[in-house]
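Remarks on the overall topology
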Amino acid sequence: MSSVVRSGRISVPALRARKGGTPIVALTAYTAPMAGHLDPHVDVLLVGDSLGMVIYGFETTLPVTLEMMIAHAAAVVRGSSRACVIVDLPWGTYRESPEQAYRNAARLLAETGAGAVKLEGGQEMAETIAFLTARGIPVCGHVGLMPQDTLMEGGYRATGRTEDSAARVLADAMAVAEAGAFMIVLEGTLEPVAAGMTRSIAVPIIGIGASPHCDGQVLVTDDMLGLYGSFQPRFVKRYAELALTVAEAAACYAEDVRTRRFPAMEHCYTLSR
Ligand code: KIV
């Protein structure tokens, strides 16, 4: 298949060509073992800056550094062989100038082996996206609810609820697509606005809290596995309750240690084995 690169991974052009076709399946991954579990089932492994909350326990994505993203993205690349790995540019590493964005995006790709970067922003980021894509850096856009704007927005709010807001999200997506983004994540946007946008934008729109009519869907893996947080956003569907499984396993282990049921002889080294 010509659109798959030599490494066997799903390529950026292959994802771009999926517009209007079979929905693109994306999940976040931050570690090599989880990447390995997810890789056979997904098209995209997104090393999202959501790792700031999910892995590091920060309240927002803002404290995430380029070095954290590089370490986790390299682990995800090592743990996978099929999916396209896309890495978030963290806050403060790409909005100063196109040159700053280029320097940091090039580091992310060169030091991790990932296939593309993702960055948040609409019309105001179009010049930067054009600068990066003209210089060989594949960019996935991210519009609608943009978690890195939490300070300006005063929290996380769904977009597209008013005519002005809907027009702005659409203009943002158009600007990002025209600047050269091969795909766009659309987060937290009113369903009819998201569905309309998917029809009118030429590149795949990947929804999260958006619409079933998007060209694909992404979720934070720890959310859908029931591993992260007690608050469940409306757009998350839980496919497992792993936090309960972990707690039950930890309780059994604790009981076994306290009652000396663990370790048993089979877990010990002896002269005969
Ligand atoms: O950081 C992240 O995980 C993301 C997804 C929620 C789309 O940007």
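These numbers were taken from a predicted model, which means no experiment stands behind them.

Below, the discussion takes up the site of the ligand. Near the ligand you find Thr-28, Leu-46, Gly-48, Asp-49, Ser-50, Asp-88, Lys-118, His-142, Val-185, Ile-208, Val-218 and Val-220, and these make up its full shell. Between the ligand and Asp-49, the relevant distance is 3.1 Å, taken from an oxygen atom to a side-chain nitrogen or oxygen of the residue. Ser-50 places a side-chain nitrogen or oxygen 2.5 Å from an oxygen atom of the ligand. Here the residues of the shell around the ligand are counted per class, giving five nonpolar, four polar and three charged.

Turning our eyes to something else, we now look at the nonpolar core. Counting residues in hydrophobic clusters, the biggest one holds 57 residues, and the most contacted among them are Leu-45 and Ile-184. With seven residues, the top contributor of residues to this core is helix 4 (residues 66–78). Among residues more than four places away in sequence, those in contact with Leu-45 are Leu-27, Ala-29, Ala-35, Leu-38, Asp-39, Val-76, Ser-80, Ala-83, Cys-84, Val-85 and Ile-86. Core analysis: the next-biggest nonpolar cluster, separate from the first, contains 18 residues, Val-12, Ala-26, Leu-46 and Ile-208 among them.

Every second residue of strand 7 (residues 205–208) is oriented toward a common face, with Ile-205 and Gly-207 on one face and Ile-206 and Ile-208 on the other, all of them buried. Note that strand 6 (residues 183–187) and strand 7 share four bridges and pair parallel. From the neighbouring strand, Glu-187 faces strand 7, where its bridge partner is Ile-208. The β-α-β motif built from strand 6, the intervening helix 9 (residues 191–200) and the parallel element strand 7 has right-handed crossover chirality. Two elements, strand 7 and strand 8 (residues 216–219), share two bridges in a ladder whose sense is parallel. In the sheet register, Ile-206 faces strand 8, and the bridge partner there is Gly-216.

Our focus in this paragraph is the packing of aromatic side chains. Scanning the model with the defined rule gives two aromatic pairs in all. When the centroid spacing of 6.1 Å and the interplanar angle of 15 degrees are considered together, the rings of Tyr-56 and Phe-58 count as stacked. Residue classification places Tyr-56 among the partly exposed residues on the basis of a relative accessible area of 36%. If you follow Arg-135 out to its NZ or CZ, it ends over the ring of Phe-131, 3.6 Å from the centre.

Quick look at the packing of helix 5 (residues 98–112) against helix 6 (residues 126–134) now. Taken N-terminus to C-terminus, the directions of helix 5 and helix 6 make an angle of 45 degrees; their axes are 9 Å apart at the nearest point. Of the possible angle classes, the one that applies to helix 5 and helix 6 is oblique. At the point where helix 5 passes helix 6, the crossing takes the right-handed sense. Contacts between helix 5 and helix 6 pair Pro-98, Glu-99, Ala-101, Tyr-102 and Ala-105 from the former with Glu-127, Thr-128, Phe-131 and Leu-132 from the latter.

About the thresholds
Residues numbered from 1 in each chain as written. Predicted model: local features only at pLDDT ≥ 70, side-chain atom pairs only at ≥ 80, totals over all residues. Heavy atoms only, no water. Near = heavy atom within 4 Å. Polar contact = N/O pair within 3.5 Å; in protein donor to acceptor, adjacent residues only side chain to side chain. Nonpolar A, V, L, I, M, F, W, Y, C, P; charged D, E, K, R; others polar. Core = buried A, V, L, I, M, F, W, Y, C linked by side-chain atoms within 4.5 Å. Buried < 20%, exposed > 50% of the residue type's maximum accessible area, 1.4 Å probe, protein only. Helix = DSSP H or I, 4+ residues; strand = E, 2+ residues; numbered from the N terminus. Contact = heavy atoms within 4.5 Å. Pairing = 2+ DSSP bridges. Right-handed = clockwise from strand over helix to strand, strands pointing away. Phe/Tyr/Trp six-rings, centres within 6.5 Å; stacked < 30°, edge-to-face > 60°. Lys NZ or Arg CZ within 6 Å of the ring centre and 35° of its normal. Axes fitted to C-alpha atoms, helices over the stretch in contact; angles between N-to-C directions. Parallel < 35°, antiparallel > 145°, perpendicular 65-115°, else oblique. Left-handed = near helix turned anticlockwise from the far one by under 90°.

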